[in-house]
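Examining the three-dimensional arrangement
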Amino acid sequence: MTRTVIESKTKTVVIGFDEPFCVIGERINPTGRKKLAAELEAGNYDTVIKDALEQVACGATVLDINSGAVFTNKMATDPRYADNNFVEPPLMKALIEIVQQTVDVPLCIDSSVPGALEAGLMACEGRPLLNSVTGEEERLELVLPLVKKYNVPVVAISNDDTGISPDPDVRFAVAKKIVERAADFGIPAHDIVVDPLVMPVGAMASAGQQVFALVRRLRDELGVNTTCGASNISFGLPHRHGINGAFLPMAIGAGMTSAIMNPVRQQEMEAIRAANFLMNHDANGGEWIRFAKVLEAVDGGLSFADASAAASQAAGGRRGGRRGRG
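What counts, and where the lines are drawn
- Residues numbered from 1 in each chain as written.
- Predicted model: local features only at pLDDT ≥ 70, side-chain atom pairs only at ≥ 80, totals over all residues.
- Heavy atoms only, no water.
- Core = buried A, V, L, I, M, F, W, Y, C linked by side-chain atoms within 4.5 Å.
- Buried < 20%, exposed > 50% of the residue type's maximum accessible area, 1.4 Å probe, protein only.
- Contact = heavy atoms within 4.5 Å.
- Phe/Tyr/Trp six-rings, centres within 6.5 Å; stacked < 30°, edge-to-face > 60°.
- Helix = DSSP H or I, 4+ residues; strand = E, 2+ residues; numbered from the N terminus.
- 1 Å grid on protein atoms, 1.4 Å probe; cavity = no way out; pocket = protein on both sides within 12 Å on 5 of 7 lines; lining within 4 Å.
- Points joined across faces, edges and corners; volume = space filled by probe spheres on them.
- Pairing = 2+ DSSP bridges.
- Right-handed = clockwise from strand over helix to strand, strands pointing away.

The name that an unreviewed UniProt entry assigns to the protein is Methyltetrahydrofolate cobalamin methyltransferase, with the source organism given as Pseudogemmobacter lacusdianii.

And the structure:
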């Protein structure tokens, strides 16, 4: 059975077909978050710390760290800040160091800049997930040697030099190409986590069906784990969390094993917890029962984040701080 192992300093998370769904928290990402980007430009990491704590309390077992910030004020006085190759490597290092001081979970290093990927790999304790490689020839030649050098798993995104194809067969072929090229570098298929690319269902009515079929093929034919940007399915639509909450269990039923998503959303996390139970990935329903107590606290007036944090602190006290699998 395919098992993708990622690690922090003391915790191990396994992504696999017979494992609970892996929630990769997406919040530490300045893209589209002007307030966070401004804080990072000023060297302020308060929101990063808050996001790290909240996401882990709410159920993320891995945190995605994205360094794609635009430092507008610094660009005005120093043209070097217009270059992501200058900005992202030191920012990635700083973000990872701050997050590792705050929480002990495996990390996903997320950047389009190879220098930032390597800076993250050098700063990470344990065995992170690298995000990402595509089927573009230049990207394969830049990223796969890093994956091999640091012996880490990598997210493989199913687009190439021709862009993102609306044809799911083409996206499968790109994923297969990446798996085969990785093998040429000595990288095993169990260290490839494929993102088959979720299209917005509002723009393509068959988007959900495409993803479910692709995930089954990736599992059955390539034997690889899968992930996605879960909220893409509902892009541009009203009441997005309802759509996301329906999509995630259906994707899990089709064989998807992880998603990059916002774990601070109650509706999506409730759907995932229930799906884990229904897929027999929650022994005796223990996690569902613990999660139900969080929902009871929400019914009593707490926010989902506060209720989750309180439950997490109580559980930490009962465990006495033991180290173990995430």
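1. Brief notes about the nonpolar core
Within the largest apolar cluster, 82 residues are counted, with the highest numbers of intra-cluster contacts made by Val48, Leu63, Ile65, Val99, Leu130, Ile192 and Phe247. In this structure, Phe247 is in contact with Val198, Val211, Phe212, Cys228, Ala230 and Ile233, ignoring residues within four places of it in sequence. Counting 13 residues, the second largest nonpolar core, distinct from the first, contains Ile24, Val62, Cys108 and Ile260.

2. Considerations on the packing of aromatic side chains
A complete count under the given rule lists five aromatic pairs for this structure. Geometrically, the ring pair formed by Tyr81 and Phe86 is edge-to-face, given 5.0 Å between the ring centres and 90° between the ring planes. Among the residues examined, Phe86 registers a relative accessible area of 28% and is labelled partly exposed. Pairing Phe291 with Phe304 gives two aromatic rings, centres 6.0 Å apart and planes at 75°, and the pair type is edge-to-face. Taken together, the positions of Phe291 in helix H11 (residues 286–299) and Phe304 in helix H12 (residues 304–319) put the pair 13 residues apart, joining distant regions of the chain.

3. A few points about the layout of surface pockets
In this structure, the second largest pocket occupies an estimated 840 Å³ of space. Around the second largest pocket, the lining comprises 34 residues; the ones closest to its centre are Glu26, Asn29, Gly229, Ser231 and Ile260. Going through the elements one at a time, strand S3 (22–28), strand S4 (62–66), strand S6 (129–134), strand S7 (154–157), helix H9 (240–254) and strand S10 (258–261) are the ones with two or more residues in the lining of the second largest pocket. With four residues, H9 is the largest single contributor of residues to the lining of the second largest pocket.

4. Notes on the pairing of S7
It is a general feature of regular strands that their side chains alternate between the two faces of the sheet. Burial of the side chains of S7 extends over both faces: Val154 and Ala156 are buried on one face and Val155 and Ile157 on the other. Where S6 and S7 come together, four bridges link them in parallel fashion. What sits directly across from Asn131, in S7, is Val155. Following the chain from S6 across helix H6 (residues 137–150) to the adjacent parallel S7, one finds a crossover that is right-handed. By the bridge criterion, four bridges tie S7 to strand S8 (residues 192–195) in an arrangement that is parallel. Paired with Ala156 across the two strands is Val194, which belongs to S8.

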